[in-house]
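# Close look at the chain arrangement
Listed below, chain by chain, are the residues.
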Amino acid sequence: RHSDTHAAVLAPDVDRADGRGAGHDAAKVWRSSKGSFKVTPYQLPTSLYCLVLTMMRRAIVALTALALLAGYAPILRGMFDQWSSDEDMGHGFVVPIVVLWIVYRERKRWQALPPHPTLWGLLILALGAAMHFMSALGTGLFAGSVAFLVSLTGAILCLGGFAFVRVWTFPLLLALFMLPKLAI
């Protein structure tokens, strides 16, 4: 996504006869739809820094998602098997699709939020990891599935903060409907 300032950088205001622009050696005047503004040579790396920072955040989010999927692959496979074999759990296939659709539909709302990562997410991730370890020891698929949702919430807290969890509260609660039945 290109912001208005990136588009403005492409259109310098040329007011000199030699075509080099106003203040060739110092600040340049740039025009945008929001008006003209001066950009010094020292400010240009800031926009590059913001671009690199945005790309790094996206890469971290993608790597976190891949780590969660890889770490919980046996649990997710078990959930899939139960959805396909148990008549009462057939809706489990639809729930992740609906959750992703809601998150996509509300994307303008959460994309406008500034990320405020919190260390509380690490505590929630540790709790999810402990639950996942217990499920691997034999407590069952239900505990592992709950551990996945707990870890997902912890990752959201680590990367975005409490505001992102508030925005995604409904999709996270809706994801509870994809959990397998508790075997008693």
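Now for a description of the structure that goes with this document. (Residues numbered from 1 in each chain as written. Predicted model: local features only at pLDDT ≥ 70, side-chain atom pairs only at ≥ 80, totals over all residues. Heavy atoms only, no water.)

## Remarks on the packing of helix α6 (residues 120–139) against helix α7 (residues 141–159)
For the pair α6 and α7, interaxial distance at closest approach is 8 Å and the crossing angle is 165 degrees. Taken as axis vectors, α6 and α7 run roughly antiparallel relative to one another. Viewed along their axes, α6 and α7 form a crossing whose handedness is left-handed. Here α6 contributes G121, L122, I124, L125, L127, G128, A129, M131, H132, S135 and T139 to the contact with α7, which in turn contributes A143, G144, V146, A147, V150, S151, T153, G154, A155, L157 and C158. (Axes fitted to C-alpha atoms, helices over the stretch in contact; angles between N-to-C directions. Helix = DSSP H or I, 4+ residues; strand = E, 2+ residues; numbered from the N terminus. Parallel < 35°, antiparallel > 145°, perpendicular 65-115°, else oblique. Left-handed = near helix turned anticlockwise from the far one by under 90°. Contact = heavy atoms within 4.5 Å.)

## Quick word on the packing of aromatic side chains
For the coordinates displayed, the defined rule picks out five aromatic pairs. Between Y72 and F148 the ring centres are 5.4 Å apart and the planes differ by 70 degrees, which places this aromatic pair in the edge-to-face class. Of the two residues, Y72 is situated in the loop between α2 (44–71) and α3 (73–85) and F148 in helix α7; the sequence distance between them amounts to 76 residues. Judged by its relative accessible area of 5%, Y72 is buried. By relative accessible area, F148 is classed as buried at 9%. Residues F80 and F93 carry aromatic rings whose centres are separated by 5.2 Å and whose planes lie at 85 degrees to one another, so their mutual orientation is edge-to-face. (Phe/Tyr/Trp six-rings, centres within 6.5 Å; stacked < 30°, edge-to-face > 60°. Buried < 20%, exposed > 50% of the residue type's maximum accessible area, 1.4 Å probe, protein only.)

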